[in-house]
Amino acid sequence: MLKKISLWAVALLACVSCSAKASDAPSTKTDMTQATDTTSAIVEIVTTEGPIKVLLYGDTPAHRDNFLKLVAEGYYDNTLFHRVIKEFMIQCGDPESKTAQPGQHLGSGGPGYTLPAEIVFPKHFHKRGALAAARTGDQVNPERRSSGSQFYIVTGRKFEGPELQMIQSRMADGLKQSTFQKLAQEHMEEIQALQTAHDREGLEALRQRLIAQTEEAVSKMEVPTLTEEQIQAYETVGGAPHLDGQYTVFGEVIDGMDVVDKIEKAETDGSDRPNTDIRILSTKVIK
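Now for a quick tour of the structure. Values in this document were obtained by computation on a predicted structure and should not be read as measured data. (Residues numbered from 1 in each chain as written. Predicted model: local features only at pLDDT ≥ 70, side-chain atom pairs only at ≥ 80, totals over all residues. Heavy atoms only, no water.)

## A few points about the packing of helix H3 (residues 161-186) against helix H5 (residues 200-219)
Taken N-terminus to C-terminus, the directions of H3 and H5 make an angle of 130°; their axes are 9 Å apart at the nearest point. Compared by their axis directions, H3 and H5 come out oblique. For the crossing formed where H3 meets H5, the hand is right-handed. Together, Leu 175, Lys 176, Thr 179, Phe 180, Leu 183 and Ala 184 of H3 and Arg 207, Leu 210, Ile 211, Gln 213, Thr 214, Glu 215, Ala 217 and Val 218 of H5 make up the contact between the two elements. For the contact of H3 with H5, the residue count by class is eight nonpolar, three polar and three charged. (Axes fitted to C-alpha atoms, helices over the stretch in contact; angles between N-to-C directions. Helix = DSSP H or I, 4+ residues; strand = E, 2+ residues; numbered from the N terminus. Parallel < 35°, antiparallel > 145°, perpendicular 65-115°, else oblique. Left-handed = near helix turned anticlockwise from the far one by under 90°. Contact = heavy atoms within 4.5 Å. Nonpolar A, V, L, I, M, F, W, Y, C, P; charged D, E, K, R; others polar.)

## Remarks on the pairing of strand E2 (residues 50-56)
Inspection of the sheet shows strand E1 (residues 41-47) paired to E2 by seven bridges, in the antiparallel sense. Following the sheet pairing, Ile 42 is matched in E2 by Leu 55. In textbook terms, the turn of a hairpin is the stretch between consecutive antiparallel strands, and for E1 and E2 this stretch comprises two residues. Bridge count for E2 against strand E9 (residues 249-255) is four bridges, and the pairing is antiparallel. Pairing of Lys 53 across the sheet is with Asp 255, part of E9. (Pairing = 2+ DSSP bridges.)

## A few points about the side chain of His 126
Along the polypeptide, His 126 turns up in the loop between strand E5 (114-115) and strand E6 (130-133). Using a relative accessible area of 1% as the deciding quantity, one classes His 126 as buried. A distance of 2.7 Å separates polar atoms of two side chains, one belonging to His 126 and the other to Tyr 152. Apart from the residues lying within four places of it in its own chain, the contact partners of His 126 are Ala 132, Tyr 152, Val 154, Tyr 234, Gly 239, Ala 240, Leu 243, Asp 244, Tyr 247 and Val 249. (Buried < 20%, exposed > 50% of the residue type's maximum accessible area, 1.4 Å probe, protein only. Polar contact = N/O pair within 3.5 Å; in protein donor to acceptor, adjacent residues only side chain to side chain.)

## Topic: the nonpolar core
Among soluble globular proteins, nonpolar side chains are generally buried collectively. The biggest cluster of nonpolar side chains holds 30 residues, and the ones touching the most others in it are Phe 67 and Phe 151. The dominant element in this core, judged by the number of residues it contributes, is helix H7 (residues 257-264), at four residues. Those residues in contact with Phe 67 that lie beyond four places of it in its chain are Val 43, Ile 45, Leu 56, Tyr 76, Phe 151 and Phe 250. In this structure, Met 89, Ala 132, Tyr 152 and Val 249 belong to the second largest nonpolar core, which totals eleven residues. (Core = buried A, V, L, I, M, F, W, Y, C linked by side-chain atoms within 4.5 Å.)

## Here we look at helix H2 (residues 61-73)
For H2, with 13 residues, the first-to-last C-alpha span of 18 Å sits near the 18 Å given by 1.5 Å per residue. Listed in full, the buried residues belonging to H2 are Pro 61, Ala 62, His 63, Arg 64, Asn 66, Phe 67, Leu 70 and Val 71. A positive backbone phi angle near 70° is found at Gly 74, which sits one or two residues after H2. (Expected span 1.5 Å × (residues − 1).)

Take a look at the structure:
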């Protein structure tokens, strides 16, 4: 296992200075300190392909309340499903897509803030129909904060037993990677100083120290595994299990998966954007 960590530890330390530059961007935190309750909500999303109803979970209150706020503001009206991948998911919520020209690259827009992660795993997972928050990658976002507006709905595919066993193994490796990344971020100044001084021996010593700390920390953690409920869901209805425990799942489709499937089957360009625009026309709170 030490060898496995070593392989990606080298890559992480090599690019960690790039991650630091990304984290120097203006703060995108939002004030989520207002009192929240634990009740769920239902929202209807009317698209050019038909209506989709989603249930927002009560135990992910920051994401629920933010989604309801954006719905009340009409924020999603006229936004595109800008990223669509067959047997995976459909993604929406980039405000820049409202006036996007054909072929324009999308996916980086938002309301100017991010949300703290609310990963309630294994209770909420990436089964078919799951509603989850998009986000930037771990190297620049080790806290796994969610986009303030972009979300995706899982279509996925069915998985067999051996595939799920492999995914569980990757989940364990992912825990080690995320733990190492957090430790590397905590030692950012030391890493940058060693890189500036071209001190390879110092970097190697630091890498070995962080690997040892990672192994010790992970040994005290509960390694994520798939529950019987998850395995049954992935084998019978499908989903995207490789995302579990890494993104905030804050709801699910309760009506209109036929519409989601229709959107998923759209022909796309090289950036996974549908060749013919598919939009959200309106959203409203049903309950």
